[in-house]
Amino acid sequence: MTSFAELVLFLVVLSDFAVLAMSRLSACIRAIALQGLLLGVLPLVVHSTLSAHAVVLGVGTAAIKAVILPAFLRWAIREAAVRREVEPLIGYMASMLWGAAALVIAFAVAAVLPLHSVETDLLVPVALVTVMIGLIVLITRSKAITQVVGYLMMENGIYLFGLTQSQRVPFLVEIGVLLDVFVGVFIMGIVVFQINREFDSLSASRLTELHD
Amino acid sequence: MLLIALILLPALAAALAYAAPDAARAAILVGTAAVHLVLVLMTWAAPGQQALGGWLADDDLGRMILTLVSVIFLAVAHYAVCYRREENPRGGRAFASCMLGFLAAATVVTTSHHFALLWIGLETTTLAVAPLIYHRHDRRSLEAVWKYLVVSSVGIAFALLGVFLLATAQPSGATGGRPLVLDDLLAHAGALDAVWLRAAFVFMLIGFGTKMGLAPLHLWKPDTYGEAPSLVGALMAGALTSCAFLGLARVVSICYMAQQGAFVRPPLIGFGILSIAIAAAFILGQGDIKRLLAYSSVEHMGLLVLGLGLGGVGAYGAVLHAVNNGLAKAMIFLVVGNVVLATGTSAADEIRGVFRRLPGSGALLVVGLFAVTGSPPFGMFISEFAIINGAVGEHHPWVAAIVVALLAIIFVGIGAMILEMVYGERAPADTNAGGSDERTRLVVAPALLAVLVLGLGVYLPTRLIGALAGAAATLGGRAP
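Since we're looking at a predicted model, the values are computed, not measured. Counting from 1, residues in each chain are numbered in the order their sequence is written. Chains carry letters and ligands carry numbers; both start at the beginning, A for chains and 1 for ligands, and go up in the order they are written. Confidence filtering applies because this is a predicted model: local features only for residues at pLDDT of at least 70, side-chain atom pairs given and counted only at 80 or more, and all residues used for totals across whole chains, interfaces and linings. Excluded from the side-chain calculation are hydrogens and water; included are all heavy atoms of the structure.

(A) View of the overall build of chain B. Strands here are runs of E lasting at least two residues and helices are runs of H or I lasting at least four, both read from the DSSP assignment and numbered beginning at the N terminus. Secondary structure assignment for chain B yields 19 helices and two strands. What the globule rule says is 2.2 Å times the number of residues to the power 0.38, and the radius of gyration is computed from C-alpha atoms. For 480 residues, the compact-globule formula gives about 23 Å, and the C-alpha radius of gyration of chain B, at 21 Å, lands near that figure. C-alpha atoms of chain B, sized along the principal axes, occupy 75 × 55 × 45 Å. The contact criterion used throughout is that any non-hydrogen atoms of two residues lie within 4.5 Å. Long-range pairs, those at least 24 residues apart, make up 81% of the contacts in chain B with a sequence separation of at least 6. Here Asp and Glu are counted as negative and Lys and Arg as positive; His is not counted, and neither are the chain ends. Just so you know, the charge point we use is NZ for Lys, CZ for Arg, CG for Asp and CD for Glu. For chain B, the centre of its 27 positive side-chain charges and the centre of its 25 negative side-chain charges are spaced 3 Å apart.

Okay, structure coming up:
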């Protein structure tokens, strides 16, 4: 792994924490867009040889995760006229501490996992921490749209883990997974838009009519 | 060729149904379902087909679930066409397309022998049913579809991580075989790395378990089944959960082949008993018939993983139970759809005298009660008996005892609600003066499914027994 790839992975972790710390929705979306761009760069630099496969995957990922989905999410918050993530269920400081704990756990777990390749020694912990921070965002934020950002982060983490296997998972499959994530976020975005129209708020915590 | 046609047919029909005029849409929906079923029956005549270099392949377990999906889909398609004449026709275009898209995705899941392809198919089923759940376009269905999307998407994301972990478990080169191809994973199971395989199993259990609705990952289920149109509930409880079960069964078969039985059995048995217990707790005192059926679905998913975890005769029972449960659940959801259509509510307290108002549906509801609770002579009795028999045979007598006790509680809970609905006196709010509201054409599909459920309880065709035994053998089981 080149030092450039390590730099990119370092930036991915920074963008994880940026989403965790930002209170403004537009800043969260900018951070997740930056992460999407970094994910698009990674297939090109993580392996020593450059293939057409890696180029198409990188461009496709960047187009969907750095351009189309962030633009779509921005449209959703503009229509909904919400700017601020006012009420996270746990405070920003506490979320940062949870994030730091996730980072420590990710590196500790990655250290004991038996790996086949030395190319990927930083990829696995970064993948794990991105999945965990995505989950933290998903669980602790009450706005539906921030939950979508959390889901996207989780998928980004899984994509990073998938990169360790990119020689073996066929190209068509990766494109299929990317498309599924795209459509999934798209449908979630539409539901978010409908929630806003029906409830005059994007808060998923107001969705409490159904229970036993 | 046949396998590719099975996938392409509904996929193209989904696009066609979107473009076609209203008058043609019903014919496209039912016609596609019928042709799909004919093609599926042709795979029984020529088993063992392969396509796309082994990524798609026919095997006993996959073919059985595929047939189940196809039969349920034909029934639901016919019902949907008749139902739409009674209810508001909004979104008919998208509704038919999403249904056919679901059929295409479910066919990918059941014919796929490549784990990543299976995952793509399963995720697509999630996305295809989401607009169907939101059909009514009100607040409650909005809440239901949001919960469903978030919980299922996170669950299925875990399953994707599991797929990548499974790829990591495979050594590269000839010792590992083709990456993520089921047949090669089974053939080279001894070469799999045990740590990564266990991690893959855990993540897929959580992921596919969420899609199946195993407790405690079932929280989306009552809300979704409660708010979705009943025919969507039939599709989900009958077909979609069976597809998720297939995904779990695939990874379990690899674990057994790789001698990881001691690792996978306890969590499967634990999830199974917990699901049945939670279902029993929530079925007692439940006030809504559709939510009651959702908990009944949690119960039967629990029985399926219990059978998988027990092995032996239990595995045979689990595969048979998947078929019986799918047919019975689809049937009773369609009948409940008729009741909800006539009464305008799914709150059990407000539904009385179904037998008087809807003689056909009332009779079928009683049949459905006995079918889903596993009473003789229905198919579920045989499969539940096989699973309990498996528990005793594999030296887990206490598991058998607990399960029998819980099933008895569930029988009382479901029976009390449904019998009250069917034979109870008229509710105060009931303004119906008497006479029948039955729509005969809405009784056809559930009646045919009821005949199948009863038929499988009375007589199992030899071909089916052979396929069941073949499927059970890959899951560390055997025929009784």
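That was the structure; now back to the text.
(B) Quick look at the packing of helix H6 (residues 139-169) of chain B against helix H9 (residues 220-227) of chain B. All names here are of chain B. Between H6 and H9, the least distance of the axes is 9 Å, while the angle of their chain directions is 140°. What the angle tells us is that H6 and H9 run oblique. Helix-helix and strand crossings are classified by hand; for H6 and H9 the assignment is left-handed. The segment H6 lies against H9, with Arg140, Ser141, Ala144, Lys147, Tyr148 and Val151 engaging Trp220, Asp223, Thr224 and Glu227. Just so you know the grouping, Ala, Val, Leu, Ile, Met, Phe, Trp, Tyr, Cys and Pro go in nonpolar, Asp, Glu, Lys and Arg go in charged, and all remaining residues, Gly too, go in polar. In the contact of H6 with H9, the residues fall into four nonpolar, two polar and four charged. A fitted line through C-alpha atoms represents every axis, and for helices the fit uses only the stretch in contact; the resulting angles, taken between N-to-C directions, go from 0 to 180 degrees. Oblique is the label for any angle not under 35 degrees, not over 145, and not in the 65 to 115 range, which are roughly parallel, roughly antiparallel and roughly perpendicular in turn. In this scheme the handedness of a crossing depends on how the near helix is turned from the far one: anticlockwise by less than a right angle means left-handed, clockwise means right-handed.

(C) Region of interest: a nonpolar patch on the surface. All names here are of chain A. Distance thresholds for patches are 9 Å for like charges and 5 Å for nonpolar side chains (Val, Leu, Ile, Met, Phe, Trp, Tyr), applied to residues having over 30% relative accessible area and no salt bridge. Accessible surface area values rest on a Shrake-Rupley calculation with a 1.4 Å probe, where residue burial reflects the displayed protein chains alone. For salt bridges, the criterion is a side-chain nitrogen of Lys or Arg within 4 Å of an Asp or Glu carboxyl oxygen. A cluster of nonpolar side chains, contributed by Phe4, Leu7, Phe10, Leu11 and Leu14, occupies part of the molecular surface with about 470 Å² of accessible area. With respect to the helices and strands, the residue Phe4 is situated in helix H1 (residues 3-21). Under the scheme applied here, a residue whose accessible area is under 20% of the maximum for its type counts as buried, over 50% as exposed, and between as partly exposed, the area being computed with a 1.4 Å probe on protein chains only. The class of Phe4 is partly exposed, set by a relative accessible area of 44%.

(D) Main features of unusual backbone geometry. Residues and elements named next belong to chain B. The step from Ala215 to Pro216 runs through a cis peptide bond, and the omega angle for that step is 0°. Of note, Pro216 is situated in the loop between helix H8 (194-212) and H9. Omega for the bond connecting Pro376 with Pro377 falls within 30 degrees of zero, at 10°, which places this linkage in the cis form. Here Pro377 lies in the loop between helix H15 (359-372) and helix H16 (379-393). In the Ramachandran plot, Leu52 falls in the positive-phi region, its phi being about 50° despite a non-glycine side chain. Examined against the element boundaries, Leu52 turns out to sit in the loop between strand S1 (50-51) and strand S2 (56-57). With relative accessibility at 52%, the residue Leu52 sits in the exposed group.

(E) Region of interest: the packing of aromatic side chains. Residue and element names in this part refer to chain B. The pairing test for Phe, Tyr and Trp rings, Trp by its six-membered ring, is centres within 6.5 Å, and the orientation test on the planes gives stacked under 30 degrees, edge-to-face over 60, and tilted for anything in between. Tallying each qualifying case throughout the model produces 14 aromatic pairs over all chains. Judged by centre distance (6.1 Å) and plane angle (25°), the ring pair of Phe381 and Phe385 falls under stacked. You can see Phe381 and its partner Phe385 sitting in helix H16, four residues apart, about one turn around the helix. Here, over-ring charges are defined by two tests on the NZ atom of lysine or the CZ atom of arginine: distance to the ring centre within 6 Å, and angle to the ring normal within 35 degrees. Against the face of Trp44 rests Arg63, its NZ or CZ located 4.8 Å from the ring centre. Here the basic side chain of Arg93 rests over the ring of Tyr18, its NZ or CZ set 5.5 Å away from the ring centre.

(F) Looking closely at the environment of Met42 of chain B. Relative to the helices and strands, Met42 of chain B resides in helix H2 (residues 22-45). With 40 residues separating them along the chain, Met42 of chain B and Leu2 of chain B place their C-alpha atoms 8.3 Å apart.

(G) Looking closely at empty space enclosed by the protein. For each structure, a 1 Å grid was placed over the protein atoms alone; sets of points admitting a 1.4 Å probe that cannot get out are labelled cavities, open sets with protein on both sides within 12 Å along at least five of seven lines are labelled pockets, and lining residues have an atom within 4 Å of a point. Grid points are joined across faces, edges and corners, and a volume is the space filled by probe spheres set on the points. Applying the stated criterion across every chain, the model contains three cavities of 30 Å³ or more. If you trace the largest cavity, you find 13 residues lining it, with Tyr159, Glu174, Val177 and Leu178 of chain A together with Phe164 of chain B closest to the centre. Secondary-structure elements contributing two or more residues to the lining of the largest cavity are helix H3 (52-80), helix H6 (144-163) and helix H7 (171-199) of chain A together with H6 of chain B. Among the elements that line the lining of the largest cavity, the one with the most residues is H6 of chain A, at five residues. Here the lining of the largest cavity is composed, by residue class, of nine nonpolar, one polar and three charged.

(H) Highlighting the interface of chain A and chain B. Taken together, the contact pairs 40 residues of chain A with 46 residues of chain B. Two parts placed together each lose some accessible area; with a 1.4 Å probe, that loss summed over both constitutes the buried area. Roughly 4000 Å² is buried in total at the junction of chain A and chain B, and carbon and sulfur atoms are behind 72% of that figure. In this assembly, chain A and chain B are joined by zero salt bridges. Identification of polar contacts relies on pairs of N or O atoms within 3.5 Å, with a donor-acceptor requirement for protein atoms, meaning one able to donate a hydrogen and the other able to accept it, and with residues adjacent in sequence counted only if both atoms are side-chain atoms. At the junction of chain A and chain B, the tally comes to four residue pairs in polar contact (both at pLDDT 80 or more). Mapped onto the side of chain A that touches chain B, the elements with two or more residues apiece are helix H5 (123-140), H6 and H7 of chain A. Sort the elements by how many residues they give to the side of chain A that touches chain B and H7 of chain A lands first, with 14 residues. Among the residues forming the side of chain A that touches chain B, the class breakdown is 25 nonpolar, nine polar and six charged.

(I) Expanded view of the packing of helix H1 (residues 2-19) of chain B against helix H4 (residues 92-111) of chain B. Residue and element names in this part refer to chain B. Look at H1 against H4: their axes get within 8 Å of each other, and the N-to-C directions meet at 170°. Classified by the angle between their axes, H1 and H4 sit roughly antiparallel to one another. Once H1 is placed against H4, the crossing between them reads as left-handed. Here Leu3, Leu6, Ile7, Pro10, Ala11, Ala13, Ala14, Ala17, Tyr18 and Ala19 of H1 come into contact with H4, specifically with Arg93, Ala94, Ala96, Ser97, Leu100, Gly101, Leu103, Ala104, Thr107, Val108 and Thr111.

(J) Region of interest: the pattern of salt bridges. Residue and element names in this part refer to chain B. Considering all chains together, one arrives at 13 salt bridges over all chains under this definition. The salt bridge partner of Asp59 is Arg250, with a shortest N-O separation of 2.8 Å. Pair noted here: Asp59 is in the loop between S2 and helix H3 (60-86) and Arg250 is in helix H10 (residues 230-257), with a separation of 191 residues, a long-range link. You can call Asp59 buried: its relative accessible area is 18%. A salt bridge links Asp223 to Arg291; the nearest nitrogen and oxygen atoms lie 3.0 Å apart. Remark: Arg291 occurs in helix H12 (residues 289-310) and Asp223 occurs in helix H9; sequence separation between them is 68 residues.

(K) Seen up close, H3 of chain B. Across its 27 residues, H3 of chain B extends 39 Å between first and last C-alpha, which sits within 8% of the 39 Å expected from 1.5 Å per residue. When you tally the buried positions in H3 of chain B, you get 22 out of 27 residues, the bulk of the element. Expected span, for any helix, means 1.5 Å times one less than how many residues it has.

(L) Expanded view of the layout of surface pockets. The space that makes up the largest pocket amounts to roughly 920 Å³. Around the largest pocket, the lining is made up of 32 residues, and of these Ala11, Ala104, Val108, Ile120 and Thr124 of chain B lie nearest the centre. Mapped by element, the contributors of at least two residues to the lining of the largest pocket are H7 of chain A together with H1, H4 and helix H5 (115-133) of chain B. The leading source of residues in the lining of the largest pocket is H7 of chain A, at eight residues. Here the lining of the largest pocket is composed, by residue class, of 26 nonpolar, five polar and one charged. Roughly 710 Å³ of volume is contained in the second largest pocket.

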